[in-house]
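# Structural overview for review
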Amino acid sequence: MKRLLLLLLCSLALSSGCESKVVPYDYSATIECLEIPLKPQYNGGIIVNPDLRDGSLGWTPLGNAKVDFREIGNHNFVVARDRRQPYDSVSQKVYLEKGLLYTFSAWLQVSKGKAPVKAVFKKNGEYKHAGSFVAESKCWSMLKGGLTVDESGPAELYFESEDTTVEIWVDSVSLQPFTQEEWNSHQEQSIQKERKRSVRIRAVNSKGEPIPKATITIEQKKLGFPFGCEVEKNILGDKAYQNWFTQRFTVTTFANEMKWYSTENTRGKEDYTTADAMLSFFKKHGVAVRGHNIVWNDPKYQLQWLDSLSGHDFYKAVKQRIISVVSRYKGQVASWDVVNENLHFSFFENRMGPKASYNIYKMVQAVDPTSIKFMNEYNTLEEPRDSDSSPARYLQKLRELKSIQVCGNISLGIGLESHFKTPNIPYMRSALDTLGATGLPIWLTEVDVDAPPNVQAKYYEQVLREGHAHPQVKGIVTWAGYSPSGCYRMCLTDGNFKNLPTGDVVDKLVHEWGGFRRQTTGVTDSDGFFEASLFHGDYELKISHPLTNSKESHSFKFTTSD
């Protein structure tokens, strides 16, 4: 009997297979302040005179602002000065169409110091915020954003700053529309490049001769892209819940069980029994666990005994909490959410001073220098109007933390909770672009959608697809799967573990991404070759030939580093 040999020849990033006429999406963003701004993306898109080389063409004053068109060397820009109201600015009228997705960018400078500047589109008396950035004097900063509109019509773009003492300088403005089909094609192109590989297999006999018409079966055993769901302690002992969960997810976050208020309800009496049991269960099933969280900056969620401590005793309690939880789970959790929701709240800063979060990250780094320490924040993707947690504010905090050097440089991660209502998908993508320019790993850490039942699943799928397709997103955790007392904003399944519409979205995407032991089958060609496009993950390959009555198998794995 002849023996079949398998030759796993190569794994390559797939191209789209044919040339596309779709305008490619530009994922680039610049987070450095530059002496001269870069050229407008997409050559300005639908913006008239985007680089100001034609003077005032297309641009007019708004409000009481005086507008100058200046030139320094070979560089032209517009200046809004003598501003009395936040909206006193320079503006341009555009026509926005319902159903299109708009990506926006501009380069900004202010005349002195630093000041937040927003890009706003006024339409039918409503104000659509496309994005914001902290502009500086003496150099140019890139603002990147996006928007959609509910109905077609004229709109007016302008730039807004609460600091009316500064001049707003503007250059290299771009507004590029995409159809939904084009937007979807960007996602698919990114997935082909970032999430998949092509594998070419050759079947030969013991003499090295090719075997045509051999049957190939490739079964994906595990997703390569980390996709998970929040859990609570009710999963312990609930076999149906455990089966439902482990069939779908490769990573999890404990909703409460690692939090301080769960492990030390009485000062000095620590109890990790529940967290230990949950961690043991997930380790047994090969599910990674995110450490959530070490401390939470929201004053609503503090232990009563902690709030009563003063001065040195408060500091000692925080230090003991860090040493206790981090050393206990060191090497067992994939990462840590360190100071949860640090941009919105300041409980520990109020008690320990303005460097509190910096010092907490520093202590965590000393205890566990190899883990990734995440900021974890909401509204950075969800709400362009929330200046507290804008990408610019997030970057400011990251820069502060990056200076920590204890046991080497600190490893930081970008955690984005992603609690959406009506998703602004173009803004979401642009915010990911901006944060992705740091080169740090980005995770969507608590994805859910608070929306009417008739659109909730639709919006949820949009968010998951956008996150999975973005080249800088390295993992997604959704919030929540199931809770007998009710989920935070949405569940995926009911108490009988029958999927709700949002759960059907998860199953559809998990299957699409290679889960549920998805199989790829085919036969070798006349030269013994078989080629397939596969998502990153763990695989088992089987090959057989009816004429030789031979079978072979082979296990292999594709990762982002292949």
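Residues numbered from 1 in each chain as written. Predicted model: local features only at pLDDT ≥ 70, side-chain atom pairs only at ≥ 80, totals over all residues. Heavy atoms only, no water.

According to UniProt, the feature "domain: GH10" (unreviewed entry) maps to residues 217–509 in the numbering used here. Secondary structure within residues 217–509 divides into 39% helix and 18% strand; the distance between the first and last C-alpha atoms comes to 21 Å. (UniProt positions renumbered as here; feature names shortened; annotations may be inferred. Helix = DSSP H or I, 4+ residues; strand = E, 2+ residues; numbered from the N terminus.)

Before going further, it helps to examine the state of the cysteines. Scanning all chains against the criterion turns up two disulfides. Sulfur-sulfur distance for the disulfide between Cys33 and Cys139 comes to 1.9 Å. Because the sign of the S-S torsion sets the handedness, a value of about 95 degrees for the bond joining Cys33 and Cys139 places this disulfide among the right-handed ones. Linking Cys33 in the loop between strand S1 (5–12) and strand S2 (60–62) with Cys139 in the loop between strand S8 (126–136) and strand S9 (141–147), this pair joins segments that are 106 residues apart in sequence. Classification of Cys33 as partly exposed rests on a relative accessible area of 26%. With relative accessibility at 11%, the residue Cys139 sits in the buried group. There is a disulfide in this structure between Cys487 and Cys491, and the S-S distance comes to 1.9 Å. Between Cys487 and Cys491 the disulfide shows an S-S torsion of about 100 degrees. By sign, it is right-handed. Owing to a relative accessible area of 17%, Cys491 belongs among the buried residues under this scheme. (Disulfide = S-S within 2.5 Å. Buried < 20%, exposed > 50% of the residue type's maximum accessible area, 1.4 Å probe, protein only.)

Let us look at the side chain of Ser137. Tracing the backbone shows Ser137 in the loop between S8 and S9. Assessed through its relative accessible area of 19%, Ser137 is described here as buried. With sequence-adjacent residues up to four places away left out, Ser137 is seen in contact with Gln109, Val110, Ser111, Lys112 and Gly113. (Contact = heavy atoms within 4.5 Å.)

With that out of the way, let us pick up helix H11 (residues 453–469). Look at H11: 25 Å from first C-alpha to last across 17 residues, which is about the 24 Å you get at 1.5 Å a residue. Where burial is concerned, most of H11 is hidden: 12 out of the 17 residues are buried. (Expected span 1.5 Å × (residues − 1).)

This paragraph deals with the domain arrangement of the protein. Per the domain assignment, the segments of the protein are domain 1 (41–178), domain 2 (194–218 + 520–558) and domain 3 (225–325 + 335–340 + 373–399 + 409–513). Its C-alpha centre places domain 1 at a distance of 55 Å from the equivalent point of domain 2. (Domains from an automatic or database assignment.)

For the rest of this paragraph, the subject is the side chain of His470. Along the chain, His470 turns up in the loop between H11 and strand S24 (473–478). Residue class for His470 comes out buried when judged on its relative accessible area of 2%. A polar atom in the side chain of His470 sits 2.7 Å from the side chain of Asp433. Residues in contact with His470, not counting those within four places in the same chain, are Tyr27, Ser190, Arg195, Arg429, Leu432 and Asp433. (Polar contact = N/O pair within 3.5 Å; in protein donor to acceptor, adjacent residues only side chain to side chain.)

A few words on the pattern of salt bridges. Under the definition given, this model contains 22 salt bridges. Here Lys221 makes a salt bridge to Glu540, at a shortest N to O gap of 3.3 Å. Of the two residues, Lys221 sits in strand S13 (residues 215–223) while Glu540 sits in strand S27 (residues 537–545), which places them 319 residues apart along the sequence. On the accessibility criterion, Lys221 (35% relative accessible area) is partly exposed. The shortest N-O distance in the salt bridge between Arg465 and Glu461 comes to 2.9 Å. Highlighted residues: Arg465 and Glu461, both in helix H11, separated by four residues, approximately one helical turn. On the accessibility criterion, Glu461 (18% relative accessible area) is buried. (Salt bridge = Lys/Arg side-chain N within 4 Å of Asp/Glu carboxyl O.)

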